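Results of the structural survey
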Amino acid sequence: MVDVFSGRILMNKDGEAIDPEEALRNKVVGLYFSAGWCPPCRDFTPILCDFYTELTEENDPPAQFEIVFISSDKSLEEMVEYMHDMHGDWLALPWSDQFKHDLKKKYNITAIPKLVIVKENGEVITDKGRKQIRDKGLACFRNWLEVAEIFQNFPG
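Residues numbered from 1 in each chain as written. Predicted model: local features only at pLDDT ≥ 70, side-chain atom pairs only at ≥ 80, totals over all residues. Heavy atoms only, no water.

Secondary structure summary: the chain contains 6 helices and 7 strands in total. Ordered by position from N to C terminus, the α and β elements of the chain give β-β-α-β-α-β-α-β-α-β-β-α-α. In terms of C-alpha radius of gyration, the chain reaches 14 Å, essentially the compact-globule figure of 15 Å for 156 residues. Taken along its principal axes, the extent of the C-alpha atoms in the chain is 40 × 35 × 30 Å. Sequence separation of at least 24 residues holds for 66% of the intrachain contacts in the chain that already meet a minimum separation of 6. Roughly 7600 Å² of accessible area belongs to the chain as shown, and the carbon and sulfur atoms make up 48% of that amount. (Helix = DSSP H or I, 4+ residues; strand = E, 2+ residues; numbered from the N terminus. Rg over C-alpha atoms; globule rule 2.2 N^0.38 Å. Contact = heavy atoms within 4.5 Å. Areas by Shrake-Rupley, 256 points an atom, 1.4 Å probe, with all protein chains shown as cover.)

So this is what it looks like as structure tokens:
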């Protein structure tokens, strides 16, 4: 994953610059292609929020999971508003970064919302993250960890 965002800067919900190499190291990463104007996105985002919070904030130690939001919002203002209103404390590719188009192409994003779960190197674990979270809840994370072959500190 570090490879995918190598040389780029991500941002957190407060707009602070985050180094992807540090933030995504040894983690399963969810690439969340979404937008505030999209009703199915607004429907799924709270579910993803709960999933993320349970894994990263209510687990001790926190699960090795991070989300990077790739916005299809029509403006920076819309993206910021959507993040503040509905998103968890995950990361985002800055709205102005045109790399989002390369990511959409690389992961064959033809509709949103789409949650692509990838290894650190960008290799796809599943492009059905949204369906798996809806169907299996937290149980799907264990499968992703196993596929990612990450050293696990996630309690069994």
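Right, let's get into helix H6 (residues 139–148). Here H6 has its buried residues at Cys-140, Phe-141, Trp-144, Leu-145 and Ala-148. For H6, the buried positions fall inside an angular range of 145° around the axis, keeping them on one side. Looking at the buried side of H6, the elements it contacts are strand E3 (28–34), helix H2 (39–56), strand E4 (65–71), strand E6 (114–118), strand E7 (124–126) and helix H5 (129–136). Backbone geometry just after H6 places Glu-149 at a positive phi near 55°. (Buried < 20%, exposed > 50% of the residue type's maximum accessible area, 1.4 Å probe, protein only. Arc of directions from axis to C-beta.)

Let us now look at the pattern of salt bridges. A full pass over the atoms with the stated rule returns 5 salt bridges. Note that Asp-97 and Arg-8 form a salt bridge whose closest N and O atoms lie 2.9 Å from each other. Within this pair, whereas Asp-97 is found in the loop between strand E5 (91–92) and helix H4 (99–106), its partner Arg-8 is found in the segment before strand E1 (10–11), the two being separated by 89 residues in sequence. Note that Asp-135 is salt-bridged to Lys-131, the shortest N-O span being 2.6 Å. Linking Asp-135 with Lys-131, this pair stays in helix H5, spanning 4 residues, or about one helical turn. Side by side, Asp-135 and Lys-131 carry an identical accessibility label, which is exposed. (Salt bridge = Lys/Arg side-chain N within 4 Å of Asp/Glu carboxyl O.)

On to the environment of Val-118, then. In this structure, Val-118 sits in strand E6. The exposure class assigned to Val-118 is buried, which follows from its relative accessible area of 0%. Here the alpha-carbon distance between Val-118 and Val-28, two residues 90 residues apart in the chain, equals 6.2 Å.

It is at 8 Å that the axes of H5 and H6 come closest, and there the two elements cross at 135°. Considering their axes alone, H5 and H6 lie oblique with respect to each other. Here Gly-129, Gln-132, Ile-133 and Lys-136 of H5 lie close against H6, whose contacting residues are Ala-139, Cys-140 and Trp-144. Grouping the constituent residues of the contact of H5 with H6 by class yields 4 nonpolar, 2 polar and 1 charged. (Axes fitted to C-alpha atoms, helices over the stretch in contact; angles between N-to-C directions. Parallel < 35°, antiparallel > 145°, perpendicular 65-115°, else oblique. Nonpolar A, V, L, I, M, F, W, Y, C, P; charged D, E, K, R; others polar.)

What describes a pair of aromatic rings is the distance from one ring centre to the other and the angle between the planes of the rings. If you walk through the whole model with that rule in mind, you get 12 aromatic pairs. Each member of the aromatic cluster is reached from another via a ring pair, and the members are Tyr-32, Phe-44, Phe-51, Tyr-52, Phe-65, Phe-69, Tyr-82, Trp-90, Phe-141 and Trp-144. Over the aromatic face of Trp-37 sits the side chain of Lys-74, whose NZ or CZ is 4.0 Å from the ring centroid. In this structure, Lys-100 is placed above the aromatic ring of Trp-95, and the distance from its NZ or CZ to the ring centre is 4.5 Å. (Phe/Tyr/Trp six-rings, centres within 6.5 Å; stacked < 30°, edge-to-face > 60°. Lys NZ or Arg CZ within 6 Å of the ring centre and 35° of its normal.)

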